[in-house]
Amino acid sequence: MPIDLQDSVVYGPIHSRRLGNSLGINLLPLSWKLCDFDCVYCQYGWTPQTPGREKIKRISELAPLIEEAFRGFHEAHESIDCITLAGNGEPSLHPDFMEMILEIKRQRDKFFPEARVGILTDASLIHKPKVREALLELDDRYLKLDVASKEDLLAINRVGSDFDWDRFVEALRHFPDKVIQSLFITGSYDNTGEAQIEKWIRLIAYVQPREVQIYSIDRSTADPGLRKVSPAKLHEIARRLEQTTGIEASVFE
Ligand code: SF4
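Here we summarise the structure given alongside this text. (Residues numbered from 1 in each chain as written. Predicted model: local features only at pLDDT ≥ 70, side-chain atom pairs only at ≥ 80, totals over all residues. Heavy atoms only, no water.)

## Some details on the state of the cysteines
Note the cut-off: The disulfide criterion used throughout: a pair of cysteine sulfur atoms within 2.5 Å. Partly exposed describes any residue whose relative accessible area lies between the buried limit of under 20% and the exposed limit of over 50%, with all areas from a 1.4 Å probe on protein chains only and scaled to the type maximum.
Here the structure, examined in full by the defined rule, presents zero disulfides. Take Cys82: it sits in no disulfide, and the sulfur closest to it among the cysteines is that of Cys42, at 20 Å. Residue Cys82 is classed as buried on the basis of its relative accessible area of 8%.

See the structure below:
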C-alpha cells in the first residue's frame, strides 16, 4: 500500500542523509494528490484523474499556518538544516507559487536563518518564465529526470501524450544551478537497461547539472510490481556517469 498523504502544511522534521534535518512544506491539498506526473513509483499512489473536493489553500490561508508551525519548532529549539517544498504532488502547480516562495523565505529568515530553502520538483513547468523565476529564488533545486526518452517518460512518469519532450529537455539544459534526481526501478517497469542508461548519461551530459543524485524506491509504490534496484547497480550507474561526463554523482541507498 502506498503511504498516506501528508496531512499538514508543514511536516517533519525528517532526517535524511541528503538534506539533514528537513522540514517539509506541502502547498497542496491534504486529501488528494495534485501532480501533472503520475509516476509508477509514486509513494502516494496514483494521481487522481479528477480533482478532489478540497480546494487549494491560497497564500492568505497558508502563510499563517506556516508561521505558526515554524514558531512551534523554533520554540522547541528544533535545529533545522533545510526547508523543502515537496508534499502531496508538484509544488510549482500552486497558483501563488512565487508569492509562497517569498513568504517561506521571510519565515525562514525570522525563525531559522541558517536553513536553506529548496524544492523537489518534476520540472515539468520550468519552461514557464514565472515558474523559472520563482525557482531561482530558492537556495536549492532538485529536478527529477528518471528517463532519457519520451517513450519512457510516458511509461514511467505517465505524463499525457501531448507532453513536449523537446521543450522539457531544452528547459532543463538552460536552467542554471540545478541538481538532478534520478530514480531507478526494475520489475514491472525498468529504466536500467543498457541502452536506457547510455542514453540517460548522454542526456545528463547535455543538461549539465552541478550534481546528480541517484536512488531507488524505498517505500510502497503506486504500481505494486516494482522492485528496488540493487545498491551495486546504482553505484555502477553513478561511476559510469562520472567517468563519462565528469559530473558528480551521489548514490542514496
Ligand atoms: S512527480 Fe512526485 S508526486 Fe508526482 S507522481 Fe511523480 S513521484 Fe508522485
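## Considering the pattern of salt bridges
Our working rule: By salt bridge we mean one thing: a side-chain nitrogen of Lys or Arg within 4 Å of a carboxyl oxygen of Asp or Glu. For the purposes of this entry, the term helix denotes a DSSP run of H or I that reaches at least four residues, the term strand denotes a run of E that reaches at least two, and both are numbered from the N terminus.
Applying the stated rule across the entire model yields 16 salt bridges. When the shortest N-O distance is used, the salt bridge between Asp96 and Arg58 registers 2.6 Å. Taken together, the residues span a long stretch of sequence, with Asp96 in the loop between strand 3 (82–85) and helix 2 (97–111) and Arg58 in the loop between strand 2 (20–25) and helix 1 (59–75) at a distance of 38 residues. The shortest N-O distance in the salt bridge between Glu67 and Arg71 comes to 3.3 Å. One end of the pair, Glu67, and the other, Arg71, are both in helix 1, four residues apart, so they sit about a helical turn from each other. On the accessibility criterion, Glu67 (22% relative accessible area) is partly exposed. Because the salt bridges share partners, they merge into one network encompassing Arg116, Asp140, Arg141, Asp177 and Arg210.

## Notes on the site of the ligand
Our working rule: Throughout this document, a residue counts as near a molecule or strand when at least one of its heavy atoms sits within 4 Å of that molecule or strand. Grid points spaced at 1 Å and placed over the protein atoms alone form the basis of the search, with a cavity being a set where a 1.4 Å probe fits but cannot get out and a pocket an open set showing protein on both sides within 12 Å along at least five of seven lines. Lining residues have an atom within 4 Å of a point. Whether a molecule sits in a cavity or pocket is decided by its atoms, more than half of which must lie within 2 Å of the grid points. Here the term charged refers only to Asp, Glu, Lys and Arg, the term nonpolar to Ala, Val, Leu, Ile, Met, Phe, Trp, Tyr, Cys and Pro, and the term polar to all other amino acids, Gly among them.
Close to the ligand lie Lys33, Cys35, Phe37, Asp38, Cys39, Tyr41, Cys42, Gly89, Asp122 and Lys144, which account for all nearby residues. Because more than half of its atoms lie within 2 Å of the grid, the ligand is assigned to the largest pocket. Across the shell around the ligand, the residue classes tally to five nonpolar, one polar and four charged.

## Details of the packing of helix 6 (residues 194–207) against helix 7 (residues 231–245)
Rules: Throughout, an axis means a line fitted to C-alpha atoms (over the contacting stretch in the case of helices), and angles, computed between N-to-C directions, take values from 0 to 180 degrees. Roughly parallel here means an angle under 35 degrees, roughly antiparallel means over 145, roughly perpendicular means 65 to 115, and every remaining angle is called oblique. If you view the pair so one helix is near and one far, a crossing is left-handed when the near helix is turned anticlockwise from the far one by less than a right angle, and right-handed when it is turned clockwise. By the convention used here, residues are in contact when the closest approach between their heavy atoms is within 4.5 Å.
It is at 10 Å that the axes of helix 6 and helix 7 come closest, and there the two elements cross at 45 degrees. Relative to helix 7, the element helix 6 is oriented oblique. Remark: the crossing between helix 6 and helix 7 carries right-handed chirality. Across from Glu194, Ile197, Glu198, Trp200, Ile201, Ile204 and Ala205 in helix 6, the residues of helix 7 making contact are Ile237, Arg240, Leu241, Thr244 and Thr245. Here the contact of helix 6 with helix 7 is built from residues that sort into seven nonpolar, two polar and three charged.

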